[in-house]
Amino acid sequence: LFCMCVCRPEERSGEDVDIILARLKSVKAFEKFHPALLQQICLCGFYECLDKGITLYRQGDIGTNWYTVLSGSLDVKVSETANHQDAVTICTLGIGTAFGESILDNTPRHATIVTREFSELLRIEQKDFRTLWENYRQCMAGLLVPPYGVMESGPNADSKQLSVTVLSTSCVVCRVVYACLSLFVSQVPSEKILRAGKVLRNNILSRAPHMIRDRKYHLKTYRQCCMGTELVDWLMQHTSCVHSRVQAVGMWQVLLEEGVLNHVDQELSFQDKYLFYRFLDDEIEDAPLPTEEEKKESDEELQDTLLLLSQIGPDAHLRMILSKQPGQRTVDDLEIIYEELLHIKALSHLSTTVKRELAGVLIFESHAKAGTVLFNQGEEGTSWYIILKGSVNVVIYGKGVVCTLHEGDDFGKLALVNDAPRAAVDKEDFNRILRDVEANTVRLKEHEEDVLVLEKTNNRSSGSSPLKYTVMSGTPEKILEHLLETLKLDSQFTESDPALDDFLLMHCVFVPNSQLCPLLMAQYPFHEQERVEYALNNKRRVIRLVLQWAAINTDHLQEEDSSFNFLQEFNETVCEESRLIPALKDQLPELEKIIRQNPSLSFQHKVLLRQFSTGNDRLQKKQPIRSTDEILFKVYCSDHTYSTIRVPVAASVREVIAAVTDKLGSGDDLLLIHLNSAGDKELLKPSDVSIFSSLSINGRLFVCPRDQIDSLTPLPEQEGPSAGSMSTFELMSSKDLAHQMTLYDWELFDCVHEHELIYHTFGRQHFKKTTANLDLFLRRFNEVQLWVVTEVCLCPTLSKRVQLLKKFIKIAAHCKEFRNLNSFFAIIMGLGNPAVCRLSQTWEKLPSKFKKSYGEFENLMDPSRNHRAYRLTMAKLEPPIIPFMPLLIKDMTFTHEGNKTFTDRLVNFEKMRMIASTVRIMRYCRSQPFNQEAPQATGKSHQDVRSYVRHISVIDNQRTLSQLSHRLEPRRT
């Protein structure tokens, strides 16, 4: 839809501009632009989508367009000669990057730009860009730095210089250096933080005046100060948004950085200790006490102030830690830095050990002044930089700005590795980490080739052995051998070895069951000459591994005859050997129990499902869908007639087409098309599987010859409802609605198998397995989000729309109370949809109490610092929890795309470990059953509410929703 809206500027409607505006507001380059400037960009910008490897323009070309990256990334290549074959990639442009400003003065392009992956760009033509620059020069100065980055010649004027210049008014970077930099403390506090300090001081004086008093220490008197531990205690007592003492320390650190709170000896880090701190207002003699009016105002503002500090506190705490000398960092400090490094894309390919080593040498560096030069080309590389906040400009002398780097980008690493001159970790630290990692690496070779790579680390938790060997990579056989050798038999079965759990959870990626089962059988020792005790222990290790494999792979045992047959054969082998080794008899009951619980595929009843989007089956308790289950599904022709086919849920597109062809008796070469309600067509690949559950909310499957694709039109039923259902659900209690939504969401969530996350991440077509349970759960998120938008846009009365907003905010609050973060986020994102958030007259009438709640909920959705606000909220919750599943998927995709699955033909087990740890978050969320009692029914019965939330009808066409929105409240001229 966004693509459609930006094709022809002269034909764009008001709703088109709204859709484009909503997309551009999420782009970092535009976040500080004036609304009027953004509006003009929406009216003149063009949309471009380019495949990987496309050259946008070449060095030396005369430019005609300016660009901003909406998605994907592009390489910047510079050549010293006219031969483009010699071009060297100097950096990569990511999302939010703007480039091409040479069109302002018609200078040749300074570099060649090539797409690194599929990328989406916003393009503005030269004449329009010049007009924007003339009218909004000051506003755009943060994006372009006149005179376009050309530097004055210095001592080395005869050589070209590459500089990195800070563009924003404040840029924060981390660099790996040897010397420590002192923490930058603002001399002029910002207005918000200054007010926050006053509110906290006034509240302390009102509620606990004894905390601010003269204190004596070592015969010296410190006037009107507080103690660090008491300040932390006070915060913990007065707000629910503080989950730990560490978080409280970060909140006080915000005030300390801004000079609103000061250590009596001018130390620059706040500590939860017997140390004295003084508020800025108490620095003067006989500071006046707050009046009753000021106390009342401060009391009203307290929760908002604490919420603000809780949001910016983690960043301040991280800066404080990074500003310590590396040798002064505690174990907790290093863990906090390590957690931050996990979410930096530039470091995603590094191993856990390297990241932990980097945590010990990273240093915080702040540049408050725009235009600061970090380094020049030709200088020897001594630091590697990672941008935490702000942006930097890469400038080539005589050529100008060639690219802009943003949050999460890094630069300067190449010079450290190659001993090359400066192109942008003290170098000694960087090399030491590489040496240490290699020195602690143990390589097992066979036929002169690595077959297993282990990493030696200190095992602090073990009293028996100070060293621990962690699998980094290897062949599946050798990884399995190593895990069996190190499997402890003295621990309880419930104490699973994390590495073994990682292997059993992720093995489907690199060694499927058809290959693993023979490997497991081969590991079971049969040699009679072996020592009995040694043989017994080895047998018990294999049995224990098989039991864990069966527990994790329950779905495979029910779907694959080969896996079930292996389990039966293995059980018979153990049973036979138990006659010779009686100690093995203890293992038999568990094996036999698993076989009884998992009947062979040939003895199973195949479940017949009906079309996922309709029917009364939603009222029945959800049961997990298996790949062997079958489905009755309607597939439509171009004339809107349909055939009902019966195929396995995991059927491929090829199999679906064959079933339809058989029904129709057609000899034509047919194609399978996913047609959504907006009329957009997606041609499905023959190898695609599990397609039924991955359709859009109102999407349908069509089959037709290639020459009929353009004639396909949506069915009337795909348009969605024409009237809202407020009259039905306004009589239902908000808490009851949230409870029934949570019950249904929990049923869907509880059906998702852990392996489905892995299939979804690596591509389910590689496994030929269904991800239907996960698809339906993700589909529910979209359904709830669109339900909110649909109901608001179909409500013609202003007062009723205000009531709707209040209702949805209350439902969201109750979902959060029930720990249903999936529906909570869906509702809040629905309220933030362009078709809803543009209804200014409706929002103006919303009471301030609800606006405040909605604002707090929006803050939880803040995507900055890798959704830190959400992750902090998750960290304090106890199971059962229904997590925000799209973010879990995003985390796994981030790890998958940033790390190779195989390195030098060995399984990259470090990657498997990282993905498995994300999967275990879902396991933790479901570690307790959902037994929340239903609230007392008011108005409608529980059964009515249950039926309603399971049969939501929505409009899923954004253009239709925008048109409805504009009819409710036309654009103001």
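Residues numbered from 1 in each chain as written. Predicted model: local features only at pLDDT ≥ 70, side-chain atom pairs only at ≥ 80, totals over all residues. Heavy atoms only, no water.

1. Topic: the environment of Ala738
How we decide: Secondary structure elements follow DSSP: runs of H or I of four or more residues count as helices, runs of E of two or more count as strands, with numbering from the N terminus. Under the scheme applied here, a residue whose accessible area is under 20% of the maximum for its type counts as buried, over 50% as exposed, and between as partly exposed, the area being computed with a 1.4 Å probe on protein chains only. Between two residues, a contact is recorded if the distance between any of their heavy atoms is within 4.5 Å.
Examined against the element boundaries, Ala738 turns out to sit in helix H23 (residues 734–751). Owing to a relative accessible area of 0%, Ala738 belongs among the buried residues under this scheme. With 80 residues separating them along the chain, Ala738 and Phe818 place their C-alpha atoms 8.0 Å apart. Contact partners of Ala738, with chain neighbours within four places excluded, come to Ile811, His814, Cys815 and Phe818.

2. Details of the packing of aromatic side chains
The cut-off we apply is this: Put simply, two rings from Phe, Tyr or Trp (the six-membered ring, in Trp's case) pair if the centres are within 6.5 Å, and we call them stacked under 30 degrees between planes, edge-to-face over 60, tilted for the rest. To sit over a ring, a charge needs its Lys NZ or Arg CZ within 6 Å of the ring centre and within 35 degrees of the ring normal.
Inspection of every chain in the model, using the stated rule, returns 34 aromatic pairs. With a centroid separation of 5.1 Å and an interplanar angle of 85 degrees, the aromatic rings of Phe824 and Phe857 are classed as edge-to-face. Remark: Phe857 occurs in helix H30 (residues 848–860) and Phe824 occurs in helix H27 (residues 821–831); sequence separation between them is 33 residues. Among the residues examined, Phe857 registers a relative accessible area of 9% and is labelled buried. Feature note: the residues Phe781, Phe824, Phe825, Phe857, Tyr870 and Phe884 constitute an aromatic cluster, connected by ring pairs. Arg123 extends its terminal NZ or CZ atom over the ring of Phe46, reaching a point 4.6 Å from the ring centre. A cation over an aromatic ring shows up here: Lys849 above the ring of Phe850, its NZ or CZ 5.8 Å from the ring centre.

3. What to know about the pattern of salt bridges
Two side chains carrying opposite charge are able to pair once their charged atoms lie near each other. Where we set the bar: By convention in these notes, a salt bridge is any Lys or Arg side-chain nitrogen within 4 Å of a carboxyl oxygen on Asp or Glu.
Counted by the stated rule, this structure contains 42 salt bridges. Notably, a salt bridge pairs Asp333 with Lys324, separated by 2.6 Å at the nearest N-O pair. The class of Asp333 is buried, set by a relative accessible area of 7%. Judged by relative accessible area, which is 22%, Lys324 ranks as partly exposed. A salt bridge links Arg780 to Glu783; the shortest N-O distance between them is 3.0 Å.

4. Considering the packing of helix H8 (residues 245–257) against helix H9 (residues 292–322)
This is how it is decided: Think of each axis as a best-fit line through the C-alpha atoms, taken over the contacting stretch in the case of a helix, with angles from 0 to 180 degrees between the N-to-C directions. The scheme is simple: roughly parallel for angles under 35 degrees, roughly antiparallel for over 145, roughly perpendicular for 65 to 115, oblique for anything else. Each residue is assigned to one of three groups, with Ala, Val, Leu, Ile, Met, Phe, Trp, Tyr, Cys and Pro labelled nonpolar, Asp, Glu, Lys and Arg labelled charged, and all others, Gly among them, labelled polar.
Look at H8 against H9: their axes get within 6 Å of each other, and the N-to-C directions meet at 85 degrees. Of the possible angle classes, the one that applies to H8 and H9 is roughly perpendicular. Across from Val246, Gln247, Val249, Gly250, Met251, Gln253, Val254, Leu255 and Glu257 in H8, the residues of H9 making contact are Leu306, Leu309, Ser310, Ile312, Gly313, Ala316, His317, Arg319 and Met320. Tallied by class, residues from the contact of H8 with H9 come to 10 nonpolar, six polar and two charged.

5. A closer look at the sheet that holds strand S11 (residues 213–217)
Applied cut-off: One requirement defines pairing of two strands: DSSP has to find at least two bridges between them.
With antiparallel pairing, the four strands of this open sheet are ordered in space as S11-S12-S14-S13. A single partner strand is all that each edge strand has here, and the edge strands are S11 and strand S13 (261–263). Shown here is a sheet whose adjacent strand axes are inclined to one another by a mean of 55 degrees, direction ignored. Lying on the sheet, H8 is in contact with S13 and strand S14 (276–279); it crosses S13 at an angle near 90 degrees.

6. Things to note about the sheet that holds strand S8 (residues 119–125)
Strand order in the open sheet formed by four strands is S1-S8-S3-S6, with antiparallel pairing between adjacent strands. Each edge of the open sheet carries a strand with a single partner, namely strand S1 (46–50) and strand S6 (98–99). In the sheet, strand S3 (residues 65–71) pairs with S8 via six bridges, with the strands oriented antiparallel. The residue bridging Thr68 from the neighbouring strand is Leu122, located in S8. Helix-sheet contacts for helix H4 (residues 126–135) involve S3 and S8, and the interaxial angle to S8 is about 75 degrees.

7. What about unusual backbone geometry?
The omega torsion across Pro879 and Pro880 is 10 degrees, close enough to zero to call that bond cis. One non-glycine residue, His218, adopts positive backbone phi at about 50 degrees. Counting through the fold element by element, His218 comes out in the loop between S11 and strand S12 (220–227). Judged by its relative accessible area of 67%, His218 is exposed. The backbone of Arg905 shows a phi angle near 65 degrees, a positive value even though the residue is not glycine. With respect to the element layout, Arg905 can be found in the loop between strand S29 (902–903) and strand S30 (906–908).

8. Topic: the state of the cysteines
Stated precisely, the cut-off is as follows: The definition used for a disulfide is geometric: two cysteine sulfur atoms within 2.5 Å.
For the structure shown, the criterion picks out zero disulfides. Cys637 forms no disulfide, and the closest cysteine sulfur to it belongs to Cys704, at a distance of 8.6 Å. A residue is classified by how much of its surface remains accessible, and Cys637, at 15% relative accessible area, is buried.

9. Here's the deal with the pairing of strand S26 (residues 671–675)
The buried fraction of S26 amounts to five of the five residues, a majority that puts the element mostly inside the structure. Here S26 shows a buried face lined by Leu671, Ile673 and Leu675 and a second buried face lined by Leu672 and His674. Strand direction decides the pairing type here: S26 and strand S27 (residues 681–683), joined by three bridges, are antiparallel. Along S27, the bridge assignment pairs His674 with Glu682.

10. A few points about the nonpolar core
Threshold: Definition used in this section: a nonpolar core is a set of buried Ala, Val, Leu, Ile, Met, Phe, Trp, Tyr and Cys residues joined via side-chain atoms within 4.5 Å.
Trp787 and Leu831 are the most contacted members of the largest nonpolar core, which totals 151 residues. Looking at this core, the element that brings in the most residues is helix H25 (residues 772–793), giving 13 residues. Apart from residues no more than four positions distant in its own chain, Trp787 is found in contact with Phe729, Met741, Phe808, Ile811, Tyr948, Ile952 and Val954. Listed in part, the 33 residues of the second largest apolar core include Ala208, Val232, Ala248 and Trp252.

11. Quick word on a negative patch on the surface
Stated precisely, the cut-off is as follows: Patches draw on residues past 30% relative accessible area with no salt bridge. Two like charges within 9 Å are joined, as are two nonpolar side chains (Val, Leu, Ile, Met, Phe, Trp, Tyr) within 5 Å. Throughout, the Shrake-Rupley method with a 1.4 Å probe supplies accessible areas, and for residues the shown protein chains are the sole cover considered. The charge count includes Lys and Arg as positive and Asp and Glu as negative, but it does not include His or the ends of the chains. Where a charge lies is defined by one atom per residue type, namely NZ (Lys), CZ (Arg), CG (Asp) and CD (Glu).
On the surface, a cluster of negative charge is contributed by Glu293, Glu294, Glu297 and Glu300. Here Glu293 shows up in helix H9. Classification of Glu293 as partly exposed rests on a relative accessible area of 49%.

12. Regarding the packing of H25 against helix H26 (residues 798–817)
The packing of two helices is summarised by the inter-axis angle and the distance between the axes. For clarity, the cut-off: Left-handed is the label given to a crossing in which the near helix is rotated counterclockwise from the far helix by less than a right angle, and right-handed is the label when the rotation is clockwise.
At a minimum axis separation of 9 Å, H25 and H26 run at an interaxial angle of 160 degrees. Taken as axis vectors, H25 and H26 run roughly antiparallel relative to one another. Handedness of the H25/H26 crossing: right-handed. Note on element contacts: H26 touches H25 through Arg801, Leu804, Leu805, Phe808 and Ile811, opposite Trp787, Val788, Glu791 and Val792. Partitioning the contact of H25 with H26 into residue classes produces seven nonpolar, no polar and two charged.

13. What to know about helix H15 (residues 498–510)
Cut-off, in case you're wondering: Expected span, for any helix, means 1.5 Å times one less than how many residues it has. In this scheme, the bend at a residue equals the angle between the axes fitted to the seven residues that finish there and the seven that begin there.
Over its 13 residues, H15 extends 18 Å from the first C-alpha to the last, a length consistent with the 18 Å expected when each residue adds 1.5 Å. Bending of H15 peaks at approximately 40 degrees at the position of Leu504. Of all 13 residues making up H15, 11 are buried, and the element is well covered by its neighbours. Along H15, the residues classified as buried are Leu500, Asp501, Asp502, Phe503, Leu504, Leu505, Met506, His507, Cys508, Val509 and Phe510.

14. Some points on the side chain of Asn65
Just so we agree on the cut-off: Polar contacts here mean pairs of N or O atoms no more than 3.5 Å apart (in protein, one a potential hydrogen donor and the other a potential acceptor; neighbouring residues in sequence count only if both atoms are side-chain atoms).
Position of Asn65 relative to the elements: it lies in strand S3. Of the residues examined, Asn65 reaches a relative accessible area of 9% and is grouped as buried. One polar contact links Asn65 to Thr64, side chain to side chain, over a distance of 2.9 Å. Residues in contact with Asn65, not counting those within four places in the same chain, are Gly100, Ile103, Arg109, Arg123, Ile124 and Glu125.

15. Regarding the environment of Ile809
By secondary structure assignment, the location of Ile809 is in helix H26. Since its relative accessible area comes to 2%, Ile809 is described here as buried. On a C-alpha basis, the gap between Ile809 and Phe857 in space is 8.9 Å, while along the polypeptide they are 48 residues apart.

16. A short note on the pairing of strand S28 (residues 700–704)
Counting buried residues in S28 gives five out of five residues, a clear majority hidden from the surface. Burial along S28 is two-sided: the residues Arg700, Phe702 and Cys704 and Leu701 and Val703 are all buried. Pairing between strand S24 (residues 630–636) and S28: two bridges, direction parallel. Looking at the pairing, Tyr636 lines up with Phe702 of S28.

That is the geometry; function is a separate question.
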